[in-house]
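Inside the fold
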Amino acid sequence: MAEVLPSLDFEGWSCPVPLRDSPTVVMGHGGGGRMSAELVEHLFVPAFGNQADAGTSDCAVFELGGARLAFSTDTFVVRPLFFPGGSIGHLAVNGTVNDLAMSGAVPSHLSCGFILEEGTDLSLIGRIAQDMGAAAGAAGVAVVTGDTKVVDAGHGDQVYVNTAGVGLVPAGVDIRPQRAAVGDVVIVSGAIGVHGIAIMSVREGLEFGTQIRTDSAALHPLVAAMLAATLDLHVLRDPTRGGLATSLNEIASTAGVGVRLVEKAIPVPAEVGNACGLLGLDPMYVANEGKLVAFVSRADADAVLAAMRAHPLGAEAAIIGECVDEHAGMVVARTAFGGTRVVDTPLGEQLPRIC
Amino acid sequence: MKYLDEFNDPALAKRLIDDISATVTRPWAIMEVCGGQTHSIIRNGIDQLIPDEVEMIHGPGCPVCVTPLELIDKALAIAARPDVIFCSFGDMLRVPGSGRDLFRIKSEGGDIRVVYSPLDALKIARENPDREVVFFGIGFETTAPPNAMTVYQAARLGVPNFSMLVSHVRVPPAIEAIMQSPTCRVQAFLAAGHVCSVMGTAEYPPLVERFSVPIVVTGFEPLDILEGIRRTVHQLEDGTAFLDNAYQRAVPSQGNPAARQLLADVFEVTDRGWRGIGVIPDSGWRLSAKYRQFDAEHRFQVGDISTEESSVCRSGEVLQGFIKPHECSAFGTLCTPRNPLGATMVSSEGACAAYYLYRRLGGAPTPDGRQVVSSIG
Amino acid sequence: MCLAVPGKVLQVWDSDGTRMANVDFGGVLKDVCLEFVPDIEIGDYAIVHVGFALQRLDEKSALETLALFEQMGEMEMEFGDPWARAAKESGLDPSEVTP
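Residues numbered from 1 in each chain as written. Chains lettered and ligands numbered in written order. Predicted model: local features only at pLDDT ≥ 70, side-chain atom pairs only at ≥ 80, totals over all residues. Heavy atoms only, no water.

Points about the interface of chain B and chain C
One widely used convention gives an interface's size as the accessible area the parts lose upon coming together. Which entries qualify depends on this criterion: Two residues form a contact once any of their heavy atoms are found within 4.5 Å. Put simply, a salt bridge is a Lys or Arg side-chain nitrogen that is within 4 Å of an Asp or Glu carboxyl oxygen. In protein, a polar contact requires one atom able to donate a hydrogen and another able to accept it; more generally it is a pair of N or O atoms within 3.5 Å, and residues adjacent in sequence count only if both atoms are side-chain atoms. Only DSSP runs of H or I covering at least 4 residues are called helices, and only runs of E covering at least 2 are called strands; the numbering of each starts at the N terminus.
Counting residues at the interface gives 54 residues for chain B, matched by 38 residues for chain C. If you look at where chain B meets chain C, you find 2 salt bridges. Note that Lys2(B) is salt-bridged to Glu59(C), the shortest N-O span being 3.0 Å. Across the chain B-chain C interface, the total number found is 16 residue pairs in polar contact (both at pLDDT 80 or more). When residues of the side of chain B that touches chain C are traced back to their parent elements, those giving at least two are α1 (10-23), α7 (118-127), α8 (144-157), α10 (193-199), α12 (222-238) and α13 (257-266) of chain B.

Rendered as structure tokens:
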């Protein structure tokens, strides 16, 4: 059993079990799957005073001086730093912008913090900063404050970026995972698996040639178009780490509903499917950076879908499933053959396999 | 895409399923040997589409599940060394050794890298001449030629800092061990298609003869699996037993002679322990004397390994089809995918992990252990 | 053990005395070792496992297999035994039913 820091009260944790089996941080804790969720739920949330909703959304929404503000943060440690179609700079801006957009907010101001490793080429940092500026401009947000720290060579893997952002949430908008309801229709804004495959194509040990470029994009204009069709969007989520499967499981679990998918309705580009086939990956668990999944009432589904398809970011939007009152908290898919497959939350990172 | 899409056609799948349904008159237990086949069955929901009388028993065809505990522990010991870059297929990273796995070693500072091909590990060795680079060479006969070629290249090109930790297993001795067990329930086998692409089909007729079991060489796409099951059901219903090749496009009867020639040079047959099953004589391969200097077990004196298998884990019995996962007392309680006791719960196509997912879907198991899945779509 | 996928051989070259190819997996390109399939040619399809081609895919066999599947339902209708089928569907033992 590993050392326990003297200042921590082991008995005070709400559930020590998930931590017992891994007394140190492991890669799975950052994978976006079950281990990440448990780390937040059992280590961080209790420490911060147990805010009831904390950890269920990527973004916090609260009243401040009469305005409804959305506030979110995200840290970017992607490797490699530069990949087909983009860089950590694009992700750093679009990632936080999208977290805000998923609560219906109009993102306006961003902060950024850099942790730079001593010895890193300044031109590399410059490129990243340029990419951030370009992404911010395209998204219509301003990076208004920041911070830079330098760590010793050997600590810090060249650059880590954190961004935080704020935006105002329009009146009448209440978008959060708890609102998923039985009967809701599940819509995805476009083809899945693109970003993760773009990254994997340049990862050491796995490299392959492909035309796939990251789909990193700021989604709030698409959300605005959807809100114009109806203010009553129930849930929005951008399925980043852990992919579509993870996001749907989180929503199903938070709302206490079952999600039933039709697999052949889920758009997957042929090349993504083939890359996944080569490595033994499932596209449903592969990260996306410019896609969202929406839960809307059955009555609003057609209007929302039409609004999405009319927008460049939602041209391939598709209805992929519905919420049901069976298998609450679980996601089940009907396969192309009519069989049933449970789509579980991954435990950690999805890894290529040979078997 | 060619050779894939056509074998994923749902309309053709229905015809195969209809034929199976029209043919079957009583219960049969068929074992698919290969983990990749298990994966395809679960992934596509095939086990629910075939008639209830046809029971698929998920066999020990997953190297993740059967790599001996002792070897996992040796891998962990080697990977923990600061001078080593340890390369592995992704499959092995979460397999529990006696209390730890490769992810934990990584968190403790081990340099562990996932690779797609053993040649990637050799490349890493050439790029890092001052480090020892070890590749975890596991797998069945399908993976053996790639691993053998990599060692052969290491010798030919002179890459002294490269070595391989070898744990290869062979299918025919496993089939033999399963059929010899007094509690064996298996009545027919789907042989592993890609294993036969390498080894050919010659090893199977003697097994068919000896045990009077139909063996059908089967592929991996949904139509291939259904066709393998269909042909097997026909044999069982007809009371015949012969070797049939349902994967001809990728399996000539002689297999791949060039690959086997290299295997004969680089590897030699050895007794091998199968996790949960025990030692099966002549069921594995290790590096031959000629290539011993690339054998990581020799290079790194990893003695003093005390292995400790969970006393509750019954994955061996599950692997051989003697019990169903839910018949194990630890299933779903002490042993879950989150905290697996044995490899069948770790592996995504391990029988225990598969059953766990469907168990959560609800419904009591039917007498043969099949889950009643609530009607969906 | 068994994850092997079909790919089309595009270019072939020699790398340090080893025959390699650039293989196209439906838009995904990967370098693959061809040492085990010495007779394979550009334009052929191979089954590839962990970066090695293990077999040339035989197109004729593939087409024959697919043709067999296509015929499946039709053959039953043309040549199947309607009495046996009807008996089975009503729960009787087909061997006890005389046409």
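Digging into the confidence of the model for chain B
All names here are of chain B. Where we set the bar: Looking at any residue, its pLDDT shows the predictor's confidence there, from 0 to 100.
For chain B, per-residue confidence averages 89 on the pLDDT scale, and residues scoring 70 or more make up 93% of the total. Confidence drops under a pLDDT of 50 for residues 363-377, and excluding neighbours within four residues, the segment shows 38 contacts in the predicted structure. Interface confidence for the predicted complex, expressed as ipTM, amounts to 0.90; the pTM equals 0.88.

Points about the state of the cysteines
Note the following rule: Two cysteine sulfurs form what is called a disulfide whenever their separation falls within 2.5 Å. Categorising residues by exposure relies on relative accessible area from a 1.4 Å probe, with only protein chains included: less than 20% of the type maximum marks a residue as buried, more than 50% marks it as exposed, and the intermediate range marks it as partly exposed.
In the structure shown here, the tally under the stated rule is 1 disulfide over all chains. Between the sulfur atoms of Cys34(B) and its disulfide mate Cys2(C) the distance is 2.4 Å. Residue Cys34(B) is found in strand β1 (residues 28-34), and its partner Cys2(C) is found in the segment before β1 (5-15); the two belong to separate chains. There is no split in this pair, since Cys34(B) and Cys2(C) are both buried. Looking at Cys313(B), it has no disulfide partner, and the nearest cysteine sulfur is the one in Cys335(B), 6.2 Å off.

Examining the side chain of Ser189(A)
The topology assignment puts Ser189(A) in the loop between β8 (185-188) and α5 (194-200). Judged by relative accessible area, which is 1%, Ser189(A) ranks as buried.

Focus: the pairing of strand β6 (residues 162-169) of chain B
Residue and element names in this part refer to chain B. Our working rule: By the criterion used throughout, a crossover qualifies as right-handed when its path from the first strand across the helix to the second strand runs clockwise, the strands pointing away from the viewer. Strand pairing requires that DSSP identify at least two bridges connecting the strands.
In terms of burial, β6 is a largely internal element, 8 of the 8 residues being buried. Alternating positions in β6 separate into two faces, Phe162, Met164, Val166 and His168 on one and Ser163, Leu165, Ser167 and Val169 on the other, with burial throughout. Read as a crossover between parallel neighbours, the route from strand β5 (residues 132-139) over α8 to β6 is right-handed. Bridge count for β6 against strand β11 (residues 278-287) is 2 bridges, and the pairing is antiparallel. The residue of β11 that forms the bridge with Val169 is Gly284.

A closer look at the sheet that holds strand β1 (residues 60-64) of chain A
Residue and element names in this part refer to chain A. What counts is decided by this rule: Think of each axis as a best-fit line through the C-alpha atoms, taken over the contacting stretch in the case of a helix, with angles from 0 to 180 degrees between the N-to-C directions.
The 5 strands lie next to each other as β1-β2-β7-β5-β6, forming an open sheet whose pairing is mixed. Both outer strands of the open sheet, β1 and β6 (142-151), are each paired with one neighbouring strand and no more. Each neighbouring strand pair of the sheet contributes to a mean axis angle of 20°, computed without reference to strand direction. The pairing of strand β5 (residues 106-117) with β6 spans 9 bridges and is classified as parallel.

Overview of the sheet that holds strand β11 (residues 293-296) of chain A
Residue and element names in this part refer to chain A. As summarised here, the arrangement of the 7 strands in space is β9-β11-β8-β12-β10-β13-β14, forming an open sheet in which the pairing is mixed. Among the strands making up the open sheet, the edge pair consists of β9 (235-237) and β14 (340-342). Each strand of the sheet is rotated relative to its neighbour by a mean of 25°, with strand direction disregarded. Where strand β10 (residues 258-262) meets strand β12 (residues 318-324), 4 bridges bridge the pair, whose relative direction is antiparallel. Looking at the pairing, Arg260 lines up with Glu322 of β12. In this fold helix α9 (residues 298-309) packs onto β8, β11 and β12, with an angle of close to 10° to the strand it touches most, β8.

Thoughts on the packing of α8(B) against α13(B)
Residue and element names in this part refer to chain B. Put simply, the test is: Any angle from 65 to 115 degrees is called roughly perpendicular, while one under 35 is roughly parallel, one over 145 is roughly antiparallel, and all others are oblique. For any pair of crossing helices, the crossing counts as left-handed if the nearer helix is rotated counterclockwise from the farther one by less than a right angle, and right-handed if it is rotated clockwise. Gly is placed with the polar residues, together with every amino acid not listed as nonpolar (Ala, Val, Leu, Ile, Met, Phe, Trp, Tyr, Cys and Pro) or charged (Asp, Glu, Lys and Arg).
Contact geometry for α8 and α13: axes closest at 9 Å, N-to-C directions at 60°. By the angle class used here, α8 and α13 are oblique. The two elements α8 and α13 cross, and the hand of that crossing is left-handed. Residue-level inspection shows Ala144, Pro145, Ala148, Met149, Val151 and Tyr152 of α8 in contact with α13, the latter providing Ala259, Leu262, Leu263, Asp265 and Val266. Here the residues of the contact of α8 with α13 sort into 10 nonpolar, no polar and 1 charged.

Describing the interface of chain B and chain A
Quick note on the threshold: The quantity reported as buried area is the accessible area (1.4 Å probe) lost by two parts once they are put together, taken as the sum for both.
Contacts between the two partners involve 50 residues from chain B and, on the opposite side, 41 residues from chain A. With both chains or domains summed, chain B and chain A bury close to 3,800 Å², and 59% of this area falls on carbon and sulfur atoms. Counting every contact that joins chain B to chain A gives 2 salt bridges. Taken together, chain B and chain A are joined by 7 residue pairs in polar contact (both at pLDDT 80 or more). Of all the elements in the fold, those that place two or more residues in the side of chain B that touches chain A are α1, α2 (35-44), α3 (46-49), α6 (102-107), β4 (111-114), α7 and α17 (351-360) of chain B. Grouping the constituent residues of the side of chain B that touches chain A by class yields 23 nonpolar, 15 polar and 12 charged.

Points about helix α9 (residues 171-180) of chain B
Most of α9(B) is tucked away, with 7 of its 10 residues classed as buried. Along α9(B), the residues classified as buried are Val171(B), Pro172(B), Pro173(B), Ala174(B), Ile175(B), Ile178(B) and Met179(B).

Thoughts on the packing of aromatic side chains
Selection criterion: Working definition: rings of Phe, Tyr and Trp (its six-membered ring) pair if their centres are within 6.5 Å, and the pair is stacked with planes under 30 degrees apart, edge-to-face with planes over 60 apart, and tilted otherwise. Two conditions define a charge located above a ring, namely a distance within 6 Å from the ring centre to NZ of Lys or CZ of Arg, and an angle within 35 degrees of the ring normal.
A full pass over the atoms with the stated rule returns 10 aromatic pairs over all chains. An angle of 85° between the planes, with centres 6.4 Å apart, marks the rings of Phe62(A) and Phe71(A) as edge-to-face. When its relative accessible area of 32% is taken as the criterion, Phe62(A) is described as partly exposed. Geometrically, the ring pair formed by Phe36(C) and Phe52(C) is tilted, given 5.8 Å between the ring centres and 35° between the ring planes. Here Phe36(C) is found in the loop between β3 (28-33) and β4 (45-49), whereas its partner Phe52(C) is found in strand β5 (residues 52-56), with 16 residues between them in sequence. The pair formed by Phe36(C) and Phe52(C) is uniform in burial state, with each residue classed as buried. For Arg127(A), the ring lying beneath its charged end belongs to Phe82(A), and the centroid distance is 3.7 Å.

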